[in-house]
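Okay, here's what each chain looks like letter by letter:
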Amino acid sequence: MSKPNNTLLCDFYELTMANGYYELGKGDEIAYFDVFFRTIPDGGGFAIAAGLEQVIEYIKTLKFTEQDIEFLRSKNMFSEGFLNYLRNFRFTGDIYAVPEGTPIFPGEPILTVRAPAIEAQFIETFVLLSLNHQSLIATKANRVVRAAQGRPVAEFGSRRAQGADGAILGARAAFIGGCAATACTISDRDYAIPATGTMAHSWVQMFDSEYEAFVAYCRTYPHNATLLVDTYDVLRSGVPNAIRAFREVLVPLGIKNCGIRLDSGDITYLTKKARKMLDDAGFTDCKIVVSNSLDENIIRDIILQGAKIDSFGVGERLITAKSNPVFGGVYKLVAKEENGEIVPKIKISENPEKITNPHFKKVYRIYDKQNGKATADLICVHDEVIDETKPLEIFDPVQTWKRKVCEDYTLRELLVPVFRDGECVYHSPHISEIQQYCRAQVDTLWEEVTRFENPHRYYVDLSHKLWDIKHELLEAGGAAVRHAEKK
């Protein structure tokens, strides 16, 4: 499908800065930017990276049209030299990123850009909106799927999503996070996410009786007969009429695959009663599907209460991440090149959590060889090499007395090359492969990290070299402030 031209889907300051860099002769200076986030949604123990494929598509097609340039000229803020420069604009830099589906943690870079300053600054907004949105939904979906304890979850949120992309790409992110299907048909066409759905209450209301509506549906879709049983009365009307329809239409055809769906009421009570009615009638293979403003907390509770449910449809609270709808990823300058040397940069803030980790970096995930579990992540300077045959001491970058020596471990670099010199060198996996990878990676986390309530804080540490560089810059920044105060 043809894609819209999203070149001007940027913050206006990216253009004003770009024009300024161009006019001052700084546009070709090489800058390094990191994308990272500070807080895990819903107080969880980890998040899930998603949205990289859309970043790749955007950068591949990044081009200013004459219409774009004429629009910018009309703002009377940009030089003709800069506007002419935009005619041949393309991304020529490098990008490194964690693969989609990777569990990620606060403070560590999940995407790094190395590019001329104009290019690196210009892509900020789209990179952030893509990673922030899809990582948020993938994280929420993963929580919902884990709460369902192996029962399939379908994403049902299109009509409550925040715009078309919120629905389409939200379904994509939800699938990465572990959902089995979506109600969003276009997401099936464009991203091969299985679309599913049966009937609405209006189908039942269109017929003279609920029973006639069920019979008609069974005859039309005998191999996909899931009947919505709560239009009138679940236990006195819906389930009995569903049983009659199954018996009349499906049994003579030898079809046992059928289901009922509940979208309202006391789900725990109704599913227990419905399960008994179906079993007593001989429909032990009939599946019970539930929906109705569900989230991970409700799902967890009704399962604990003994609800008889085979699968879930989860809508608005998933597709909007209603309980915590902002992911909060940021895009910060961490270094620039001067005379061929990488010069680290730091942002200092009165809020300690907003102080950045400087330099061009790599991230190692440390795994215990004995059980395959992830122990911690270690952020290093880009040129550091760790000898896995030797013990590795790691320490908390804030509470530095907290230390651990890792032995019998293995390392994996999380950031992989995506673009080199403006050319894409990364093959985006099929979305089913991303989902499988996500499931496998979440399984490497300890249960203490994956629990919903008060999860264990997974350690993201700095190497000795990076910690020293950071604190040298902090000391230099503090000295500069003290010097300014004396003047």
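The text that follows walks through the structure, step by step, so that each part is easy to find.

Parameters at a glance
- Residues numbered from 1 in each chain as written.
- Predicted model: local features only at pLDDT ≥ 70, side-chain atom pairs only at ≥ 80, totals over all residues.
- Heavy atoms only, no water.
- Helix = DSSP H or I, 4+ residues; strand = E, 2+ residues; numbered from the N terminus.
- Buried < 20%, exposed > 50% of the residue type's maximum accessible area, 1.4 Å probe, protein only.
- Contact = heavy atoms within 4.5 Å.
- Axes fitted to C-alpha atoms, helices over the stretch in contact; angles between N-to-C directions.
- Parallel < 35°, antiparallel > 145°, perpendicular 65-115°, else oblique.
- Left-handed = near helix turned anticlockwise from the far one by under 90°.
- 1 Å grid on protein atoms, 1.4 Å probe; cavity = no way out; pocket = protein on both sides within 12 Å on 5 of 7 lines; lining within 4 Å.
- Points joined across faces, edges and corners; volume = space filled by probe spheres on them.
- Nonpolar A, V, L, I, M, F, W, Y, C, P; charged D, E, K, R; others polar.

Across its full length, the protein chain carries 17 helices and 21 strands. Dimensions of the protein chain along its principal axes, counting C-alpha atoms only, are 85 × 60 × 40 Å. In the protein chain, buried positions account for 51% of the 487 residues. For the protein chain, the share of sequence-separated contacts (at least 6 apart) that also reach a separation of at least 24 residues comes to 73%.

On to the packing of helix H10 (residues 210-220) against helix H11 (residues 234-250), then. When two helices pack together, their arrangement is given by the angle between their axes and by how far apart the axes lie. Close contact between H10 and H11 brings their axes to 9 Å; oriented N to C, the two are set at 40 degrees. For the element pair H10 / H11, the angle class is oblique. As H10 runs across H11, the sense of the crossing is right-handed. Contacts between H10 and H11 involve Glu-210, Tyr-211, Phe-214, Val-215, Cys-218 and Arg-219 from the former and Ser-237, Gly-238, Asn-241, Ala-242, Arg-244, Ala-245, Phe-246, Glu-248, Val-249 and Leu-250 from the latter.

Here the largest pocket defines a volume of roughly 1100 Å³. Going through the elements one at a time, strand E6 (153-155), strand E8 (225-228), strand E9 (258-262), strand E10 (287-290) and strand E11 (311-314) are the ones with two or more residues in the lining of the largest pocket. For the lining of the largest pocket, the element with the most residues is E11, which contributes four residues. Residue classes in the lining of the largest pocket are distributed as 18 nonpolar, 17 polar and seven charged.

The next thing to look at is the packing of helix H2 (residues 52-60) against helix H6 (residues 124-147). The contact between H2 and H6 brings their axes to 8 Å, and the two run at 160 degrees. On the basis of the axis angle, H2 is roughly antiparallel to H6. Relative to H6, the crossing made by H2 is right-handed. On H6, the residues touching Leu-52, Gln-54, Val-55 and Tyr-58 of H2 are Phe-126, Val-127, Ser-130, Leu-131 and Gln-134. Here the contact of H2 with H6 is composed, by residue class, of six nonpolar, three polar and no charged.

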